Amino acid sequence: MFYYQVTTQHMADNDKGKTQKVTERYLVNAVSVTDAEKVVTDKWGMNVSDFEVKEVKKSRIIDVIPA
């Protein structure tokens, strides 16, 4: 398994009540680019307005060490 950086965009209301585009990045442990995209889409895609995966790329991170 590898780590992938998945970049997403969706619409959200800000503090002033206006809708704006939000970009978020997730670090996903997956077997492939397709798998990483599926993991993020399954977790967030159904619950967020105008959700879109913009980019998936292999991360240079090789491990995450818990504190």
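See the structure printed just above.
This structure is a prediction, so every number in the text was calculated from the model and none was measured.

Another point: a nonpolar patch on the surface. A cluster of nonpolar side chains, namely Leu27, Ile61 and Val64, defines an oily patch on the protein surface of about 240 Å² accessible area. Take Ile61: it is sitting in the segment after strand S3 (52-58). What makes Ile61 partly exposed here is its relative accessible area of 40%.

We now examine the environment of Glu52. Residue position: Glu52 is located in strand S3. In this structure Glu52 comes out as partly exposed when scored by relative accessible area, which is 41%. Separated by 40 residues in the primary sequence, Glu52 and Ala12 have C-alpha atoms spaced 13 Å apart. Ignoring sequence-local partners within four residues, the contact set of Glu52 consists of Thr7, Thr8 and Gln9.

The rules behind each value
Residues numbered from 1 in each chain as written. Predicted model: local features only at pLDDT ≥ 70, side-chain atom pairs only at ≥ 80, totals over all residues. Heavy atoms only, no water. Patch = residues over 30% accessible without salt bridge, like charges linked within 9 Å, V, L, I, M, F, W, Y side chains within 5 Å. Areas by Shrake-Rupley, 256 points an atom, 1.4 Å probe, with all protein chains shown as cover. Salt bridge = Lys/Arg side-chain N within 4 Å of Asp/Glu carboxyl O. Helix = DSSP H or I, 4+ residues; strand = E, 2+ residues; numbered from the N terminus. Buried < 20%, exposed > 50% of the residue type's maximum accessible area, 1.4 Å probe, protein only. Contact = heavy atoms within 4.5 Å.

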